[in-house]
Amino acid sequence: QVQLVESGGGLVQSGGSLRLSCAVSGRTFSSSAMGWLRQAPGKGREFVASISWSGGSTVYADSVKGRFTISRDNAKATVYLQMNSLKPEDTAAYYCAVSRIVDATTYVADFASWGQGTQVTVSS
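1. Thoughts on the sheet that holds strand β8 (residues 78–83)
With antiparallel pairing, 4 strands are arranged side by side in an open sheet as β1-β3-β8-β7. Of all strands in the sheet, those with a lone pairing partner are β1 (3–7) and β7 (68–73), marking the two edges. Mean inter-strand twist for the sheet, computed between neighbouring axes without regard to direction, equals 15 degrees. Bridge count between β7 and β8: 6 bridges; the pairing is antiparallel. When the bridges of β8 are listed, S71 appears paired with Y80.

What follows is the structure, given as structure tokens:
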């Protein structure tokens, strides 16, 4: 059974930065694409970023493109999300997820296993 543990969330002012981490155990991390998704209060879960199994391909939601960077370290079974130029609309619970496929994907349905989430709050 796969386990994902996110960390790095917190409260930050608009324009600030945070780095989220997600440690994965219980399955072959290096053979799966990974992703970050988020859910704001009263809204559905939305795609943020995804990275292929090798780290060679990444995709981003338009709302975060140019500000967020997803990366992975297969040796440490960890995926990261560097978030810069944060905006109040980025406030949400952020979830790490393992994909069913090897390629980066924007489809929420492609993600099979989820972490418990870490809260990111951006003040104006």
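Right, picking up where we left off after that structure.
2. Side note on the pairing of strand β5 (residues 46–51)
Where a strand is regular, its side chains alternate between the two sheet faces. Across the 6 residues that make up β5, a large majority, 5, are buried. Two strands pair when backbone bridges link them, and strand β4 (residues 34–39) and β5 are joined in this way by 5 bridges, in the antiparallel orientation. Bridging across to β5, R38 finds its partner in E46. In sequence, β4 turns back onto β5 through a hairpin of 6 residues, with G42 there showing a positive phi of about 80 degrees.

3. A word on the packing of aromatic side chains
Counted by the stated rule, this structure contains 2 aromatic pairs. Taken together, the ring pairs connect Y95, F111 and W114 into an aromatic cluster. In this structure, R45 is placed above the aromatic ring of Y95, and the distance from its NZ or CZ to the ring centre is 3.9 Å. Over the ring of W114 we find R45, and its NZ or CZ is 4.4 Å from the ring centre.

4. Let's talk about the environment of Y60
By the secondary structure assignment, Y60 is in strand β6 (residues 58–60). With relative accessibility at 18%, the residue Y60 sits in the buried group. It is 24 Å that separates the C-alpha atoms of Y60 and S124, two residues lying 64 residues apart in sequence. Once residues lying within four places of it in the same chain are set aside, the contact partners of Y60 are F47, V48, A49, K65, F68, T69 and I70. A polar atom in the side chain of Y60 sits 2.9 Å from the backbone nitrogen of I70.

5. Things to note about the nonpolar core
Ranked by internal contacts, the top residues of the largest apolar core, which has 34 residues, are M34, W36, V79, L81, M83 and Y94. Among the secondary structure elements, those contributing two or more residues to this core are β3 (18–25), β4, β5, β7, β8, β9 (92–99) and β11 (118–123). If one sorts the elements of this core by residue count, β9 sits on top with 5 residues. Once you skip the residues sitting within four places of it in the chain, M83 turns out to touch G16, S17, L18, L20, R67, F68, Y94 and V120.

6. Focus on the pattern of salt bridges
In total, this model carries 4 salt bridges according to the counting rule given. Ionic pairing is found between E46 and R38, a salt bridge with its closest N-O pair at 2.6 Å. Note on R38: relative accessible area 6%, which makes it buried. Between K65 and D62 there is a salt bridge; the shortest N-O distance is 3.1 Å. Given the relative accessible area of 67%, D62 is considered exposed.

Basis of the calculations
- Residues numbered from 1 in each chain as written.
- Predicted model: local features only at pLDDT ≥ 70, side-chain atom pairs only at ≥ 80, totals over all residues.
- Heavy atoms only, no water.
- Pairing = 2+ DSSP bridges.
- Helix = DSSP H or I, 4+ residues; strand = E, 2+ residues; numbered from the N terminus.
- Axes fitted to C-alpha atoms, helices over the stretch in contact; angles between N-to-C directions.
- Buried < 20%, exposed > 50% of the residue type's maximum accessible area, 1.4 Å probe, protein only.
- Phe/Tyr/Trp six-rings, centres within 6.5 Å; stacked < 30°, edge-to-face > 60°.
- Lys NZ or Arg CZ within 6 Å of the ring centre and 35° of its normal.
- Contact = heavy atoms within 4.5 Å.
- Polar contact = N/O pair within 3.5 Å; in protein donor to acceptor, adjacent residues only side chain to side chain.
- Core = buried A, V, L, I, M, F, W, Y, C linked by side-chain atoms within 4.5 Å.
- Salt bridge = Lys/Arg side-chain N within 4 Å of Asp/Glu carboxyl O.

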